[in-house]
Amino acid sequence: MTDVFSSAWGAIPEALREPVVLAMPFFVLFVLVEAFAAYHLEDERPDGSPRYDRRDAFTSVSLGAVSVGTMALWKGLGLAAYAVLYAYVAPWHLPPDAWWTVALALLGVDFFFYWAHRVAHRVRLVWATHQAHHSSEHFNFSTALRQKWNNSHELVAWAPLPLLGVPPALVFLGFSVSLVYQFFVHTERVGTLWRPIELVFNTPSHHRVHHGSDPEYLDRNYGGILIVWDRLFGTFQPELHRPTYGLTKPVGTYNLLRLQTHEYAAIARDVRQAPTLREKLGYVFGPPGWRPAAASGAAVPAPAEVPVER
């Protein structure tokens, strides 16, 4: 198994093995440039509130800094599991040095990212891992760094790739490329791009919608690099107006630990108070905002097309 994985890893040029690490200085540079523009060129939103809040941005960067360590831990566990699947379960091994294997890995990671992201918005337990990324009421490059500390569900979502013979190193390369790409869609400084690009790729306009808490924007535009998945699976929403960013119920804190864990605590509280097993399971695996019929007068609809409170 070691030889198989080593050959797959060694086939990737050293400079491409961790694109996120290479991109970090550029992340910092873009955050600083955007912050400078916000303070010196256009400091206020149309409603008079600041476009770039220092404390909010510092919180986002701090969450991202911690996520470097937590993500390394999860990726280490995932790498071990993927190596076993690839070496002992996959019916064949795709050539790691073939361009089409790299292309398949990138496309596969993006496809499964769409579904993992969609599940993260539709299953409350998984939403608890993801909601911190949506907790900022601002939308800028620093928001892109407001990362979750638990990405275990993504590792489960990508498991079909090593099972299909995609080298584990290429799976993580695809994830890193996706993270780098998605950093650049977190900005209000870019309007809409050339129509063919808007048609195929995730863009700042599309991703602004995803971060909106407006009813028409909730649970839309899950794509990472490609927006075609949303167009194909019925979750696409064009930008109609400037979104209201953040959670539908703001957390109201800059405490890093609370931002990451408050939804877990809310789930535990609801489960404790629920009188039946069905309701307990509903609070855990139902969509965010799910309430039993007895509590709300009617069952809360769960389809993705119907916005729910989160």
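Quick look at the structure, then. (Residues numbered from 1 in each chain as written. Predicted model: local features only at pLDDT ≥ 70, side-chain atom pairs only at ≥ 80, totals over all residues. Heavy atoms only, no water.)

Between the first and last C-alpha of helix α13 (residues 256-273) there are 27 Å, a value that for 18 residues agrees with the 26 Å anticipated at 1.5 Å per step. Along α13, the helix axis deviates most sharply at H262, where the bend reaches about 45°. Where α13 is concerned, the buried positions are L259, Q260, H262, E263, A266, I267 and D270. Residues of α13 that are buried sit in contact with α3 (54-89), α5 (124-130) and α14 (277-285). The N-cap residue of α13 is N255: its side-chain oxygen and the backbone nitrogen of L257 are 3.1 Å apart. (Helix = DSSP H or I, 4+ residues; strand = E, 2+ residues; numbered from the N terminus. Expected span 1.5 Å × (residues − 1). Bend = angle between axes of the 7 residues up to and from the residue. Buried < 20%, exposed > 50% of the residue type's maximum accessible area, 1.4 Å probe, protein only. Contact = heavy atoms within 4.5 Å. Polar contact = N/O pair within 3.5 Å; in protein donor to acceptor, adjacent residues only side chain to side chain.)

Looking now at the nonpolar core. Membership of the largest hydrophobic core comes to 16 residues, with the highest contact counts inside it found for Y82, W158, L161, V166 and V171. Contributions of two or more residues to this core are made by α3, α4 (99-122), α7 (152-158) and α9 (168-183). Among the elements that make up this core, the one with the highest residue count is α9 (5 residues). With residues near it in sequence (within four places) discarded, W158 still touches Y82, V109, F112, F113, V171, F172 and F175. By size, the runner-up hydrophobic cluster in this structure holds 13 residues, among which are A23, Y52, A57 and F141. (Core = buried A, V, L, I, M, F, W, Y, C linked by side-chain atoms within 4.5 Å.)

Look at α3 against α9: their axes get within 9 Å of each other, and the N-to-C directions meet at 145°. Where α3 crosses over α9, the two elements pack in a sense that is right-handed. Within the contact between the two elements, α3 uses M71, K75, G78, L79, Y82, A83 and Y86 and α9 uses P168, V171, F172, F175, S176 and L179. Of the residues in the contact of α3 with α9, the class split is 10 nonpolar, 2 polar and 1 charged. (Axes fitted to C-alpha atoms, helices over the stretch in contact; angles between N-to-C directions. Left-handed = near helix turned anticlockwise from the far one by under 90°. Nonpolar A, V, L, I, M, F, W, Y, C, P; charged D, E, K, R; others polar.)

What follows concerns the packing of α13 against α14. In the contact formed by α13 and α14, the axes pass within 8 Å of each other and the chain directions differ by 170°. Between α13 and α14, the angle is such that the two are roughly antiparallel. Mapping the contact onto sequence places I267, D270, V271 and R272 in α13 and K280, Y283 and V284 in α14. Within the contact of α13 with α14, the residues separate by chemical class into 4 nonpolar, no polar and 3 charged. (Parallel < 35°, antiparallel > 145°, perpendicular 65-115°, else oblique.)

Okay, the pattern of salt bridges next. Per the counting criterion, the structure on display carries 7 salt bridges. Residue R122 is joined to D219 by a salt bridge in which the shortest nitrogen-to-oxygen separation is 2.9 Å. Pair noted here: R122 is in helix α4 and D219 is in the loop between α11 (204-210) and α12 (228-233), with a separation of 97 residues, a long-range link. According to the relative accessible area criterion, R122 is buried, its value standing at 11%. Residue D219 is classed as buried on the basis of its relative accessible area, which comes to 1%. In this structure, R208 and E239 form a salt bridge, with 2.8 Å as the shortest nitrogen-oxygen distance. Pair noted here: R208 is in helix α11 and E239 is in the loop between α12 and α13, with a separation of 31 residues, a long-range link. Relative accessible area serves as the criterion here: at 6%, R208 is assigned to the buried category. Residue class for E239 comes out partly exposed when judged on its relative accessible area of 27%. (Salt bridge = Lys/Arg side-chain N within 4 Å of Asp/Glu carboxyl O.)

Right, let's get into a nonpolar patch on the surface. On the surface, F26, L29, F30, V33 and F184 cluster together into a nonpolar patch covering about 450 Å² of accessible area. Along the chain, L29 falls in helix α2 (residues 19-40). Residue L29 is classed as partly exposed on the basis of its relative accessible area, which comes to 46%. (Patch = residues over 30% accessible without salt bridge, like charges linked within 9 Å, V, L, I, M, F, W, Y side chains within 5 Å. Areas by Shrake-Rupley, 256 points an atom, 1.4 Å probe, with all protein chains shown as cover.)

Take the side chain of T203 next. The residue T203 is located in the loop between α10 (195-200) and α11 in this model. One polar contact links T203 to E198, side chain to side chain, over a distance of 2.9 Å. If we skip the residues at most four places from it in the chain, T203 touches V185, L193, I197 and E198.

Take the layout of surface pockets next. Here the largest pocket is characterised by a volume of approximately 770 Å³. For the lining of the largest pocket, the elements supplying multiple residues, two or more each, are α2, α3, α4, α7 and α9. The element best represented in the lining of the largest pocket is α3, accounting for 8 residues. By residue class, the composition of the lining of the largest pocket is 20 nonpolar, 12 polar and 4 charged. (1 Å grid on protein atoms, 1.4 Å probe; cavity = no way out; pocket = protein on both sides within 12 Å on 5 of 7 lines; lining within 4 Å. Points joined across faces, edges and corners; volume = space filled by probe spheres on them.)

The subject of this paragraph is the packing of aromatic side chains. One pass over the full model with this rule turns up 19 aromatic pairs. Note on F30 and F141: the rings are 5.7 Å apart at their centroids and 90° apart in plane angle, and the pair reads as edge-to-face. Of the two residues, F30 is situated in helix α2 and F141 in helix α6 (residues 141-144); the sequence distance between them amounts to 111 residues. Members of the aromatic cluster, each reached through a chain of ring pairs, are F111, F112, Y114, W115, Y222, W229 and F233. (Phe/Tyr/Trp six-rings, centres within 6.5 Å; stacked < 30°, edge-to-face > 60°.)

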